[in-house]
Amino acid sequence: MKYSILCSAVLMALSLGACDRPTVVTPAAVVAVPGPAGPTGATGSTGATGAPGSTGTTGYTGATGATGSTGDTGATGDRGKTGGGTVVVVPAPAAAPAPAR
């Protein structure tokens, strides 16, 4: 019993000592505060206007192309034969009956 109380006291002292961390103190930053503004300075003079650019020259007009030549006339077909033929008339086929449903 004597040793258990001694071990408990040492263990408690070590555990509480481990949790204590010293805090780091940072010095306050020095901030410079500006004074009142001074009077406004005089306005500067306006710059000179630039010279206008020159206009370019007009280009030449192109020449008109030559007219093409006319094409050749096609060959004429043979003249058809006249008269002497027999005309055969074939009657139209009869209409098929509608399919049964």
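Look up: the structure comes first, before these words.
Structure report, in brief. (Residues numbered from 1 in each chain as written. Predicted model: local features only at pLDDT ≥ 70, side-chain atom pairs only at ≥ 80, totals over all residues. Heavy atoms only, no water.)

The helix and strand inventory of the protein stands at one helix and zero strands. In summary, the protein has a C-alpha radius of gyration of 59 Å against a globular reference of 13 Å for 101 residues, an excess of more than 25%. C-alpha extents for the protein along the principal axes are approximately 150 × 85 × 30 Å. By residue count, 0% of the 101 residues in the protein fall in the buried class. When the accessible surface of the protein is totalled, it reaches about 11,100 Å², and 61% of it is carbon and sulfur. (Helix = DSSP H or I, 4+ residues; strand = E, 2+ residues; numbered from the N terminus. Rg over C-alpha atoms; globule rule 2.2 N^0.38 Å. Buried < 20%, exposed > 50% of the residue type's maximum accessible area, 1.4 Å probe, protein only. Areas by Shrake-Rupley, 256 points an atom, 1.4 Å probe, with all protein chains shown as cover.)

Turning next to a nonpolar patch on the surface. A contiguous nonpolar patch, built from Y3, L6, V10 and L14 and spanning about 470 Å² of accessible area, is present on the exposed surface. Following the sequence through the fold, V10 ends up in helix 1 (residues 2-19). (Patch = residues over 30% accessible without salt bridge, like charges linked within 9 Å, V, L, I, M, F, W, Y side chains within 5 Å. Salt bridge = Lys/Arg side-chain N within 4 Å of Asp/Glu carboxyl O.)

Turning next to the environment of L14. Assignment of secondary structure puts L14 in helix 1. On the basis of relative accessible area, L14 is assigned to the exposed category, the value being 59%. A sequence separation of 38 residues divides L14 from P52, and the C-alpha atoms of the two residues are 90 Å apart.

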